[in-house]
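If you want the building blocks of each chain, they are given just below.
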Amino acid sequence: MTKMSEELAGQVALVTGASRGIGAAIAHSLATRGAHVVITARTAGGLEELEDRIHAAGGSATIAPLDLTDGDSIARLASAMAERWQQLDMLVLNAAMLGTLTPVGAIDGKEFNRLLTLNVVAQQALIANFDPLLRRAAHGRLLALSSSVARAPRAYWGAYGASKAALEALVTSYGAEMRNISNVRTAILNPGATRTQMRARAYPGEDPQSIKDPETVGAFVAKLMIEGFDSTDFHELPKVMEEA
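Sequence order sets the numbering: in each chain, residues are counted from 1 along the sequence as written. Under the rules for a predicted model, residues below a pLDDT of 70 receive no local features and side-chain atom pairs below 80 are neither given nor counted, while totals for whole chains, interfaces and linings still include all residues. To obtain the side-chain values, all non-hydrogen atoms of the structure were used and water was disregarded.

Here we come to the packing of aromatic side chains. Aromatic rings from Phe, Tyr and Trp, taking only the six-membered ring of Trp, are treated as a pair when their centres fall within 6.5 Å; an angle between ring planes under 30 degrees marks them as stacked, one over 60 as edge-to-face, and anything in between as tilted. Taken as a whole and assessed by the stated rule, the structure comprises 2 aromatic pairs. Ring centres of Trp 157 and Tyr 160 lie 6.1 Å apart, and the angle between their planes is 65°; this geometry places the pair in the edge-to-face category. Tyr 160 carries the same exposure label as Trp 157, and that label is buried. Members of the aromatic cluster, connected to one another through ring pairs, are Trp 157, Tyr 160 and Tyr 203. Only when the NZ of Lys or the CZ of Arg is both within 6 Å of the ring centre and within 35 degrees of the ring normal is a charge said to sit over the ring. In this structure, Arg 151 is placed above the aromatic ring of Phe 234, and the distance from its NZ or CZ to the ring centre is 3.7 Å. The aromatic ring of Trp 157 is capped on one face by Arg 154, whose charged end is 5.2 Å from the ring centroid. For every residue, the accessible area obtained with a 1.4 Å probe (protein chains only) is divided by the maximum for its type, and the residue is called buried under 20%, exposed over 50%, and partly exposed between those limits.

In structure tokens:
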């Protein structure tokens, strides 16, 4: 059983893409430090399993299965959360799709549209809809998960890299806009090589034991949230690291 602490007690966090991998690890880490976490993903199964683990560790969570690309789903979630809580202390933008790794000239238009809808359009909608709740928090924090290919484009990664570059631009602009008019602060995290299903798809020949596990990223994010950060902060984790 994970040891509970109270460093984030009384705070509310929303973590997207939380049914497995890095998202689940972040949500679990925040919950075991006292935060109430609202966890979202498309399917309920993984969320229910995570909720059980959080409760078993003494934490609290609310599951919200939804498809972020489904029109008004984000607005409905924001409205429901506003009715229950006065503020949102932490928003973690983790949900994303990898898409097919292929030359730019061979990108499938329909898949590219789906990828941009989730990785960019839905992220802007999350920021817009949860902005009022973030502003009501004493120290609202928004953290977006990115990738090395957002800043260092790589062959065959054009679609995913473009979406993450756009996400970074949105989050950094929002942080700059908030800096002088609110207590909301933003940061970007490139988690680096991590043992996830997405990583396995991208690097099928890689030994998963040669890279860090999602729990290490989760602990690092919890530490960031506890210590706070300034807008436009950028963090990048190595392939292998000591436990945060």
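That was the structure; now back to the text.
With that out of the way, let us pick up the sheet that holds strand 2 (residues 36-41). Following DSSP output, two strands are said to pair if at least two bridges run between them. Secondary structure elements follow DSSP: runs of H or I no shorter than four residues count as helices, runs of E no shorter than two count as strands, and numbering proceeds from the N terminus. As summarised here, the arrangement of the 7 strands in space is 3-2-1-4-5-6-7, forming an open sheet in which the pairing is parallel. Edge positions in the sheet fall to strand 3 (60-65) and strand 7 (233-236), since each has one partner strand and no second. The mean angle between the axes of side-by-side strands here comes to 15°, regardless of whether they run parallel or antiparallel. For strand 1 (residues 12-15) and strand 4 (residues 90-93), the ladder comprises 3 bridges, and the chain directions are parallel. If you follow Ala 13 over to strand 4, its bridge partner there is Met 90. Of the strands in this sheet, strand 1, strand 2, strand 3, strand 4 and strand 5 (141-145) touch helix 1 (residues 21-31), which is tilted by about 170° from strand 1. Residue contacts follow a heavy-atom distance rule, with two residues in contact if any of their heavy atoms lie within 4.5 Å. As a rule, the C-alpha atoms of each element are fitted with a line to give its axis, helices using only the stretch in contact, and angles between N-to-C directions run from 0 to 180 degrees. In this fold helix 7 (residues 214-227) packs onto strand 4, strand 5, strand 6 (185-190) and strand 7, with an angle of close to 155° to the strand it touches most, strand 5.

So, about the pairing of strand 2. In terms of burial, strand 2 is largely enclosed, as 6 of its 6 residues are buried. Bridge count between strand 1 and strand 2: 4 bridges; the pairing is parallel. Pairing of Val 12 across the sheet is with His 36, part of strand 2. Call a crossover right-handed when, viewed with both strands pointing away from you, the route from the first strand across the helix to the second goes clockwise. Note that the unit made of strand 1, helix 1 and strand 2 has a crossover that is right-handed. Summarising the sheet, strand 2 and strand 3 pair through 6 bridges and their orientation is parallel.

All right, on to helix 3 (residues 73-84) then. Expected helix span is given by 1.5 Å per residue-to-residue step, counting one fewer step than there are residues. Taking 1.5 Å of rise per residue, 12 residues should cover 16 Å, and helix 3 covers 17 Å from first to last C-alpha, within 8% of that figure. Listed as buried for helix 3 are Ser 73, Ile 74, Leu 77, Ala 78 and Met 81. Down the axis, helix 3 shows its buried residues gathered within 135° of arc, on one side only. Exposed positions of helix 3 whose direction lies more than 90 degrees from the buried face are Arg 76 and Glu 83. To be clear, the arc concerns the directions from the helix axis to the C-beta atoms.

Our next topic: the layout of surface pockets. Take a probe with the size of a water molecule and roll it over the atoms, and the empty space left behind shows itself. Using a grid of 1 Å spacing that covers the protein atoms alone, one calls a set of points a cavity when a 1.4 Å probe fits there but cannot get out, and a pocket when the set is open and has protein on both sides within 12 Å along at least five of seven lines; lining residues are those with an atom within 4 Å of a point. Grid points are joined across faces, edges and corners, and a volume is the space filled by probe spheres set on the points. Of the voids in this model, the largest pocket is the one considered here, and its volume is about 1200 Å³. What lines the largest pocket is a set of 46 residues, and nearest its centre among them are Asn 94, Ala 96, Met 97, Leu 98 and Met 198. For the lining of the largest pocket, the secondary structure elements donating two or more residues are helix 1, strand 2, helix 4 (109-136), helix 5 (158-178) and helix 6 (197-202). In terms of residues, the lining of the largest pocket owes the most to one element, helix 6, which gives 5 residues. Think of it as three bins: nonpolar holds Ala, Val, Leu, Ile, Met, Phe, Trp, Tyr, Cys and Pro, charged holds Asp, Glu, Lys and Arg, and polar takes everything else, Gly as well. A breakdown of the residues in the lining of the largest pocket according to their chemical character gives 20 nonpolar, 16 polar and 10 charged.

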